[in-house]
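# Descriptive structure summary
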Amino acid sequence: MQTNFLSQQFSAGSLAENSTACPANATICDGTSCVLPEDNFNQTLSVVLSTVLTIMLALVMFSMGCNVEFKNFLGHIKRPWGIFVGFLCQFGIMPLTAFLLSLAFNVLPIQAVVVLIMGCCPGGTASNVIAYWVDGDMDLSISMTTCSTLLAMGMMPLCLFIYTKMWTDSDAIVLPYDSIGLSLVALVIPVSFGIFVNHRWPSKAKIILKVGSIVGAVLIVLIAVVGGILYKGSWIISPKLWIIGTIFPAAGYTLGFVLARIAGLSWHRCRTVSLETGMQNTQLCSTIVQLSFSPEQLELMFTFPLIYSIFQLLFALLILGGYRLYRRHRTKTKTDVEKTAQKEDSKSSPKINGGFVSDEMK
């Protein structure tokens, strides 16, 4: 995630040493809160980390593709009921939820717009990794992420036009179609190679998948840490945005699961749709925000994508932990039932046969 401006807080000691509250190169100064041009260190760090994370992301998506059966993937495309349910969640539930949360908390117009931009973004690739860990339908997960990224080119402008009219002119929001296109390419090409490897060398694909799932987990944490470094001084924003950033992903996960269940999808597909709904492409949201607003406006809300990213990850980890506990308990219970049934069968068999063995069984 890149930003042209970093907000920095100056301690009382540093202020005492200077005659003015802010340095001479500050572009915005409000008391002790100043926005400074991005320094060379952060520019270099951003480029290096972006390159590393892009390579890691490509490898992770390649490994996720190794768990996709081409026939099953093609089946979801030909019979897109699951994809359609995901579409309703992604571009129906999420923008509407963003709109209602902005109204309920009565945030500033510029803050409402950034919440809506987040709600209109397509699904993020992190959902594919979490879906794997919760035994979701990987074919559905990959197809949903691909389709939502592709459809975002038309659905994002439409949703923003509908929901942001009361706060701002939708023409003021710059949609980076090149970034959306790059996200699509970065998703489709590695996954396609993964599907090919799974088709030709299934045994090797399983090894790649296990390694990639671990790398994916590390990648998700790294993205959160990198965001914290690049936005290190910009945490002083409205408490309302913190609350919305907490509620929004939780609502996405919950409503996505409920709608999928109402639509009659199986449990593992419900988990998949839930994750695809709640986990948004926060990097794309950050890019749109930075391209669309002035430094003065960024001061009020440009950290919101990172806040959402943190809480969507925390809730995803809670879902993963809850599922793992449930599966362990279910496996243990099932094993106990089978052992009990075997004991009962061994005790009852002599009574059934009466100890008699026919000549045919000897």
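Residues numbered from 1 in each chain as written. Predicted model: local features only at pLDDT ≥ 70, side-chain atom pairs only at ≥ 80, totals over all residues. Heavy atoms only, no water.

Cut-off, in case you're wondering: UniProt positions are given in the numbering used here, feature names are shortened, and annotations may be inferred rather than shown by experiment.
Per an unreviewed UniProt entry, the chain goes by the name Ileal sodium/bile acid cotransporter and belongs to Acrocephalus arundinaceus. Taken from UniProt, the Sequence similarities (unreviewed entry) comment for the chain reads in full: "Belongs to the bile acid:sodium symporter (BASS) (TC 2.A.28) family." Of the chain, the UniProt comment under Subcellular location (unreviewed entry) reads exactly: "Membrane".

## So, the overall build of the chain
We apply this condition: Comment: elements are numbered from the N terminus, with helices defined as DSSP H or I runs of at least four residues and strands as E runs of at least two. Exposure categories follow from relative accessible area, calculated using a 1.4 Å probe and restricted to protein chains: below 20% of the type maximum is buried, above 50% is exposed, and the middle band is partly exposed. Any pair of residues with heavy atoms lying within 4.5 Å of one another is described as a contacting pair. In this description, accessible areas are obtained by the Shrake-Rupley approach with a 1.4 Å probe, and a residue is regarded as covered only by the protein chains that are shown.
Looking only at helices and strands, the chain features 14 helices and three strands. Looking at the chain as a whole, 45% of its 362 residues are labelled buried. A separation of at least 24 residues holds for 83% of the contacts in the chain among residues at least 6 apart in sequence. Counting every atom, the chain has about 18300 Å² of accessible surface; 66% of that belongs to carbon and sulfur.

## Considering the side chain of Thr146
Within the secondary structure, Thr146 sits in helix H7 (residues 138-163). A relative accessible area of 17% places Thr146 in the buried class. Apart from the residues lying within four places of it in its own chain, the contact partners of Thr146 are Leu184, Leu187 and Val188.

## A few points about the packing of helix H3 (residues 70-78) against H7
Threshold: Axis lines are fitted through C-alpha atoms, for helices just across the contact stretch, and the angle between N-to-C directions can take any value from 0 to 180 degrees. Between 65 and 115 degrees an angle is taken as roughly perpendicular, under 35 as roughly parallel, over 145 as roughly antiparallel, and anywhere else as oblique. The hand of a helix crossing depends on one turn: near helix anticlockwise from the far one by less than a right angle means left-handed, and clockwise means right-handed.
For the pair H3 and H7, interaxial distance at closest approach is 9 Å and the crossing angle is 55 degrees. One element, H3, and the other, H7, form an angle in the oblique class. Handedness of the crossing formed by H3 with H7: right-handed. The residues of H7 that touch H3, namely those facing Asn72, Phe73, His76 and Ile77, are Asp139, Leu140, Ile142 and Ser143.

## Remarks on the side chain of His76
Defined as follows: In protein, a polar contact means a hydrogen-donor-capable atom and an acceptor-capable atom, both N or O and within 3.5 Å, with residues adjacent in sequence counting only if both atoms are side-chain atoms; elsewhere, any N or O pair within 3.5 Å suffices.
Tracing the chain through its elements places His76 in helix H3. Classification of His76 by relative accessible area gives buried; the value is 8%. At 3.3 Å, the side chain of His76 and the side chain of Asp137 are in polar contact. Look past the residues within four positions of His76 in its chain and what remains in contact with it is Ile83, Asp137, Asp139, Leu140, Ser143 and Arg269.

## Some words on the UniProt feature "transmembrane region" (unreviewed entry) in the chain
The feature "transmembrane region" (unreviewed entry), as annotated in UniProt, sits at residues 45-63, 83-105, 112-134, 140-163, 175-195, 207-229, 241-263 and 306-326 in this numbering. Secondary structure over residues 175-195 splits into 90% helix and 0% strand, and the C-alpha atoms at its two ends are 31 Å apart. Helix and strand shares over residues 241-263 are 96% and 0% respectively, and the end C-alpha atoms of the span are 32 Å apart.

## Quick notes on the pattern of salt bridges
The criterion, for reference: Any carboxyl oxygen of Asp or Glu within 4 Å of a side-chain nitrogen of Lys or Arg constitutes a salt bridge here.
Considering all chains together, one arrives at two salt bridges under this definition. Asp135 is the salt-bridge partner of Arg327, the closest N and O atoms lying 2.6 Å from each other. You can see Arg327 sitting in helix H14 (residues 304-353) and its partner Asp135 sitting in the loop between helix H6 (126-133) and H7, a full 192 residues away along the chain. Exposure remark for Arg327: the relative accessible area of 34% places this residue in the partly exposed category. The shortest N-O distance in the salt bridge between Asp137 and Arg269 comes to 2.8 Å. Here Asp137 is found in the loop between H6 and H7, whereas its partner Arg269 is found in helix H11 (residues 267-278), with 132 residues between them in sequence. The class of Asp137 is buried, set by a relative accessible area of 6%.

## Observations concerning the packing of aromatic side chains
Under the convention used in this document: Put simply, two rings from Phe, Tyr or Trp (the six-membered ring, in Trp's case) pair if the centres are within 6.5 Å, and we call them stacked under 30 degrees between planes, edge-to-face over 60, tilted for the rest. In our convention, an over-ring charge means Lys NZ or Arg CZ found within 6 Å of a ring centre and within 35 degrees of that ring's normal.
Throughout the structure, instances matching the rule amount to eight aromatic pairs. A ring pair is formed by Tyr132 and Trp133, whose centres lie 5.7 Å apart and whose planes are at 75 degrees; its orientation type is edge-to-face. For the cation-ring pair, Arg200 lies above Trp201, with the distance from its terminal atom to the ring centre recorded as 5.2 Å. Positioned above the aromatic ring of Trp267, the side-chain terminus of Arg261 is 3.7 Å from the ring centre.

## As for helix H5 (residues 109-120)
Here is the rule: To estimate the expected span of a helix, subtract one from its residue number and multiply by 1.5 Å.
Given a rise of 1.5 Å per residue, twelve residues ought to cover 16 Å, and the 16 Å separating the end C-alpha atoms of H5 matches this to within 8%. Here H5 lies mainly inside the structure; eleven of its twelve residues are buried. Every buried residue of H5 is listed here: Ile110, Gln111, Ala112, Val113, Val114, Val115, Leu116, Ile117, Met118, Gly119 and Cys120.

## Structural notes on H7
Selection rule: The bend at a residue is defined as the angle formed between two axes, one fitted to the seven residues ending at that residue and one fitted to the seven starting there.
If you check H7, its first and last C-alpha atoms are just 32 Å apart, much less than what 26 residues at 1.5 Å a residue would give, namely 38 Å. Residue Ala152 marks the point of greatest curvature in H7, where the axis turns by about 60 degrees. Taking the backbone nitrogen of Asp139 as reference, a side-chain oxygen 3.1 Å away marks Asp137 as the first, capping residue of H7.

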